[in-house]
Amino acid sequence: LIGAVAKVLSSEGIELENSTLFLQPLLAGSGVLTRRAPDEEERRNIDYGLKIARELGRLDLGQSVVIAGQACVALEAMEGTDAVIRRAAQLAGGQPLTVVKVAKARQDMRFDVPVVGMPTIETMRACGATALSIDAGKTLMFDRDLVIAAADEAGISIVGSVPAE
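My aim in this report is to walk through the structure given alongside it, one point at a time. (Residues numbered from 1 in each chain as written. Predicted model: local features only at pLDDT ≥ 70, side-chain atom pairs only at ≥ 80, totals over all residues. Heavy atoms only, no water.)

## A short note on the overall build of the protein chain
(1) Moving on: A count of helices and strands for the protein chain gives five helices and eight strands.
(2) Moving on: The linear arrangement of helices and strands in the protein chain, starting from the amino end, is α-β-α-β-β-α-β-β-α-β-β-α-β.
(3) Moving on: Per-residue burial for the protein chain yields a buried fraction of 44% across its 165 residues.
(4) Moving on: A separation threshold of at least 6 residues defines the contact pool for the protein chain, and within that pool the share at least 24 residues apart is 73%.
(5) Moving on: Roughly 8500 Å² of accessible area belongs to the protein chain as shown, and the carbon and sulfur atoms make up 57% of that amount. (Helix = DSSP H or I, 4+ residues; strand = E, 2+ residues; numbered from the N terminus. Buried < 20%, exposed > 50% of the residue type's maximum accessible area, 1.4 Å probe, protein only. Contact = heavy atoms within 4.5 Å. Areas by Shrake-Rupley, 256 points an atom, 1.4 Å probe, with all protein chains shown as cover.)

Laid out in structure tokens, this is it:
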């Protein structure tokens, strides 16, 4: 629906800009963003999760997957990242979880930008998630300093991964 409105506006000579145009400082950087880097198990989960999440995004479904032991525990659809983390925790039976959130292949950054904030970190801590991978340059980090401090306090590693082209 929003895309259709944008098309009508475009036909009238009105072009909508990328919604992150003036939010560049809020976009995640690349590399390890917290004090703790992912351990080997978390790194394997991230690598596996990036493949799954990017395929999910290519199909224009959700943005997030939750991985445990290189197995996909939960895929995001319309419920949102925090809900999929909680669902994964119920399914994983106490296993440590890795959350991978990406921008979709056809993500329209004018309207729909991946976001993480304090609620994500709080949900991860409550659910036993120990690592988070987000697309660098394409994921907004609201309250970045608070998010990183809370992740550090909870022992959660956050990584800005290079997005797929």
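## Observations concerning the environment of Ala28
(1) Moving on: Position of Ala28 among the secondary structure elements: in the loop between α1 (2-11) and β1 (31-32).
(2) Moving on: For the pair Ala28 and Arg144, spaced 116 residues apart in sequence, the C-alpha to C-alpha distance is 8.4 Å.
(3) Moving on: For Ala28, the residues in contact, after removing those within four places along its chain, are Leu33, Ile134, Asp135, Ala136, Gly137, Thr139, Met141 and Arg144.

## Looking at the nonpolar core
(1) Moving on: Residues Ile121, Met124, Leu132, Ile134, Met141 and Ile158 are the most contacted members of the largest nonpolar core, which totals 26 residues.
(2) Moving on: When residues of this core are traced back to their parent elements, those giving at least two are β2 (64-68), β3 (71-75), α3 (81-92), β4 (97-101), α4 (118-127), β6 (129-135) and α5 (144-154). (Core = buried A, V, L, I, M, F, W, Y, C linked by side-chain atoms within 4.5 Å.)

## Things to note about the pairing of β2
(1) Moving on: Burial analysis of β2 places five of its five residues in the buried class, the great majority of the element.
(2) Moving on: On β2, burial covers both faces: Ser64, Val66 and Ala68 on one face and Val65 and Ile67 on the other are all buried.
(3) Moving on: In the sheet, β2 pairs with β4 via four bridges, with the strands oriented antiparallel. Bridged to Ile67 within β4 is Thr98.
(4) Moving on: Two elements, β2 and β3, share four bridges in a ladder whose sense is antiparallel. Directly across from Ala68, in β3, lies its bridge partner Ala71.
(5) Moving on: Turn length for the β2-β3 hairpin, with the two strands adjacent in sequence and antiparallel, is two residues, and the turn residue Gly69 shows positive phi of about 60°. (Pairing = 2+ DSSP bridges.)

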